[in-house]
There are 2 protein chains.
Amino acid sequence: MENLKIREAEKKDVGRILFLIKELATFEKEEDAVKITEEELLEDGFGKSPTYKSIVAEYQGEVIGFALYFIRYSTWQGKTIYLEDFLIEDKYRSKGVGKLLFEEMIAISKRLKVRQMSWQVLDWNEGAIRFYEKYNAEFGEEWLNVRLLFPK
Amino acid sequence: MENLKIREAEKKDVGRILFLIKELATFEKEEDAVKITEEELLEDGFGKSPTYKSIVAEYQGEVIGFALYFIRYSTWQGKTIYLEDFLIEDKYRSKGVGKLLFEEMIAISKRLKVRQMSWQVLDWNEGAIRFYEKYNAEFGEEWLNVRLLFPK
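Here is a short report on the structure shown in this document. For clarity, every value in this text was computed on a predicted model and none was experimentally measured.

Let's shift gears to the relation of the copies chain B and chain A. Note on the identical chains: chain B maps onto chain A by a rotation of 180° and an axial translation of 0.0 Å, with an RMSD of 0.0 Å. In short, the pair behaves as if placed about a two-fold rotation axis. Among all residues of chain B, the minimum C-alpha distance to the rotation axis is found for arginine 72 of chain B, at 3.6 Å. Taken together, the interface assignments show that 100% of the residues at the interface of chain B recur at the interface of chain A, consistent with an identical surface on both copies.

This brings us to the sheet that holds strand β3 (residues 62-74) of chain B. Pairing is mixed in the open sheet, where seven strands are placed in the order β1(B)-β2(B)-β3(B)-β4(B)-β5(B)-β7(A)-β6(B). Each edge of the sheet is formed by a strand with only one pairing partner; in this case those strands are β1 (4-8) and β6 (138-140) of chain B. Sheet twist, expressed as the mean angle between neighbouring strand axes with direction ignored, is 25°. Bridge count for strand β4 (residues 78-88) of chain B against strand β5 (residues 116-122) of chain B is two bridges, and the pairing is parallel. Note on β5 of chain B: the bridge partner recorded for isoleucine 81 of chain B is methionine 117 of chain B. Strand contacts of helix α4 (residues 126-133) of chain B: β7 (143-149) of chain A together with β4, β5 and β6 of chain B, with the helix running at about 155° to β5 of chain B, the strand carrying the most contacts.

Taken together, the 62 residues of chain B in the interface contact 62 residues of chain A. Summed over both partners, the interface of chain B with chain A comes to about 6,400 Å²; 56% of that surface belongs to carbon and sulfur atoms. Together, Tyr73, Trp76 and Trp143 of chain B form the three largest contributors to the area buried by chain B at its contact with chain A, with a combined 15%. There are six salt bridges connecting chain B and chain A. Between arginine 115 of chain B and glutamate 40 of chain A there is a salt bridge whose closest N-O contact spans 3.2 Å. Scanning the region where chain B abuts chain A turns up 34 residue pairs in polar contact (both at pLDDT 80 or more). Counted by class, the side of chain B that touches chain A contains 32 nonpolar, twelve polar and 18 charged residues. Bridge analysis of β7 of chain A against β6 of chain B gives three bridges, and the strand direction is antiparallel.

So, about the environment of lysine 5 of chain A. All names here are of chain A. Looking at where lysine 5 falls in the secondary structure, it is placed in strand β1 (residues 4-8). Owing to a relative accessible area of 44%, lysine 5 belongs among the partly exposed residues under this scheme. Spatially, the C-alpha atom of lysine 5 lies 9.2 Å from that of glycine 61, the residues being 56 residues apart in sequence. Beyond its immediate sequence surroundings of up to four residues, lysine 5 is in contact with Val56, Ala57 and Glu58.

Calculation rules
- Residues numbered from 1 in each chain as written.
- Chains lettered and ligands numbered in written order.
- Predicted model: local features only at pLDDT ≥ 70, side-chain atom pairs only at ≥ 80, totals over all residues.
- Heavy atoms only, no water.
- Least-squares fit on C-alpha atoms with pLDDT ≥ 70 in both.
- Contact = heavy atoms within 4.5 Å.
- Pairing = 2+ DSSP bridges.
- Helix = DSSP H or I, 4+ residues; strand = E, 2+ residues; numbered from the N terminus.
- Axes fitted to C-alpha atoms, helices over the stretch in contact; angles between N-to-C directions.
- Buried area = accessible area lost by both parts, 1.4 Å probe.
- Salt bridge = Lys/Arg side-chain N within 4 Å of Asp/Glu carboxyl O.
- Polar contact = N/O pair within 3.5 Å; in protein donor to acceptor, adjacent residues only side chain to side chain.
- Nonpolar A, V, L, I, M, F, W, Y, C, P; charged D, E, K, R; others polar.
- Buried < 20%, exposed > 50% of the residue type's maximum accessible area, 1.4 Å probe, protein only.

Structural measurements only, silent on function.
Right, here's the structure in full:
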C-alpha cells in the first residue's frame, strides 16, 4: 500500500476514530456498549489533561486504522503501556497495516522505557491471536474481567 | 474492629503497601512477577506526576489493607476507574475490612462521575468472586490478557 502513513492522531481524526471504534464494537458483538461521544473523545485526548494517546494509519488521506493507548499503573511492573484499542478498517485488513501500527506501539513502549505493554483479546478472535503469537506475546487465561456500572 | 480507619494513602504507607503487594502476589502464585521497588511506588504515587492513587485501611496504627486505582480510559465508556490492586492482610480477612474499602471505592467512583469501575479476579479465587457477586458485579469471561515484556 503506497502512501500509507503512521502518525500521531490529531483532533481532526476523532470522528473517524469513533466510527472505527463502533465498527470494532459491532465485530465484538457489543455495539450497544459504546457510550462515548465525539466531544468526550476530543476533550479526553486533546483537552487540558489528556487521558489517552493515539496513533493512526492514514491511507490516501483517510484514517483506516488506529491504536489508542495510555499509561497504566501496575503494582508489579510500575508504569506500563495499555493498548486499549487497536483496529484496522475491515476492508484494509491483511495488508500489513496492523503490523506497522503494532510495531510503532512496540517502538513507543521502548522509548518510554516501560517494562510491559498489555492489552486484551477476545478468546474467539483467532486472527488477532495468531497475529500476537508472531510477536511471542504471553497469554494469561486465568483472569476474569469484572465491572460495576454507574449509569449516567 | 474498633479503631479501623479508611483514609487516603500517604508516603509513609508505601513500605507496608509493597509488603502487602508481595503477599498478594504470593497468594496468586506469581511472587517472582513483582519487579517494582519502594522508590518507584513512592515516585509514581507521590512524585511530580502521580500515576496512581490509593486508599488504605489502618488498624491500631498499622496499614492492614489497601485499594490502589487509577483513571483508565475506555473507548466505550470514557474515563473509568480501574482497581489495580485490592487486598486485606491475610490475618484480618473476613472481618468487614474489605467491605469498607470496596464501598469507599464505589463512593470515589460516584464522586468522580465515572461510568464504570473495573478490575480483574483470578478465576479460581472463589472467596473474592463471591464478595464481588454481592455487589452485582458483572463478570466477562471471553477476554484474554495479553502482554509483551520489555526486560530492563
